[in-house]
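Understanding the architecture of this molecule
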Amino acid sequence: MYSEKLMDHFTNPRNVGEIPNADGIGEEGNPTCGDVMKISIKVEDGRITDAKFRTFGCGAAIAVSSMVTEMVKGKTLDEALAITKEAVAAELGGLPPQKMHCSNLGADALRRAIEDYKGRKGAGPA
Ligand code: FES
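Residues numbered from 1 in each chain as written. Predicted model: local features only at pLDDT ≥ 70, side-chain atom pairs only at ≥ 80, totals over all residues. Heavy atoms only, no water.

1. Observations concerning the side chain of Thr55
Topologically, Thr55 is positioned in strand S3 (residues 47-56). Within polar-contact distance, the side chain of Thr55 engages the side chain of Ser65 at 2.7 Å. Non-local contacts of Thr55, meaning those with residues more than four positions away in its chain, are made with Val36, Met37, Ala61, Ile62 and Ser65. (Helix = DSSP H or I, 4+ residues; strand = E, 2+ residues; numbered from the N terminus. Polar contact = N/O pair within 3.5 Å; in protein donor to acceptor, adjacent residues only side chain to side chain. Contact = heavy atoms within 4.5 Å.)

Shown next as structure tokens:
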């Protein structure tokens, strides 16, 4: 039911934690299940140089968090904003249909973290 890649990111999640003095923080809850994900990012010269997460959620949500924080590193803010939940799920080798809602958290928490960064910089909402 789950790909090997997804199981790897679930059992050995990358980028767990919180960045001290983060440039942007985004938190998103999933109304379907009540799970919550928080992503913090570091931004230098318009690029995301680091990203970490804390997720209170299911295995798929943890794998999504791990993958999305890997995917954004080195990306410009616009490139990061273009990451969709479908892209994250595809990178994980797909999610079962009943778990697709879990990938919402990753893309949405990331978007909020970028909006938070832009707000702090006075650049307006994303
Ligand atoms: Fe809540 Fe997966 S069941 S995010």
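2. Some details on the pairing of strand S2 (residues 36-44)
Relative to S2, strand S1 (residues 24-29) runs antiparallel, the two being bridged by six bridges. Bridge pairing in S2 links Glu27 to Lys38. The hairpin turn running from S1 into S2, its antiparallel successor, is six residues long, and Gly34 in that turn takes a positive phi close to 85 degrees. (Pairing = 2+ DSSP bridges.)

3. What to know about the sheet that holds S3
If you walk across this open sheet you meet the three strands as S1-S2-S3, and the pairing is antiparallel. For this open sheet the edge positions go to S1 and S3, each flanked by a neighbour on one side alone. Direction aside, the axes of adjacent strands within the sheet are offset by 15 degrees on average. Both S2 and S3 contribute to a ladder of nine bridges, which runs antiparallel. Within S3, the residue paired with Ile39 across the bridge is Phe53. Along the sheet, helix H2 (residues 59-72) contacts S2 and S3; its crossing angle with S3, the most-contacted strand, is approximately 170 degrees. Against the sheet, helix H5 (residues 102-121) makes contact with S1, S2 and S3, and its axis sits at roughly 145 degrees relative to S1, the strand it touches most. (Axes fitted to C-alpha atoms, helices over the stretch in contact; angles between N-to-C directions.)

4. Structural notes on the side chain of Ser65
By secondary structure assignment, the location of Ser65 is in helix H2. Apart from the residues within four sequence positions on either side, Ser65 is in contact with Met37, Phe53 and Thr55.

5. Here's the deal with the pattern of salt bridges
Proximity of charged atoms lets side chains of opposite charge pair with each other. All chains considered together, the criterion is met by eleven salt bridges. As a salt-bridge pair, Lys85 and Glu86 come within 3.4 Å of each other at their nearest N and O atoms. Lys85 sits in the partly exposed class, given a relative accessible area of 31%. Between Arg120 and Asp116 there is a salt bridge; the shortest N-O distance is 2.9 Å. Placement of the pair is Arg120 and Asp116 together in helix H5, with a separation of four residues, close to one helical turn. Overall, Arg120 belongs to the partly exposed group, its relative accessible area being 48%. For Asp116, a relative accessible area of 24% gives the class partly exposed. (Salt bridge = Lys/Arg side-chain N within 4 Å of Asp/Glu carboxyl O. Buried < 20%, exposed > 50% of the residue type's maximum accessible area, 1.4 Å probe, protein only.)

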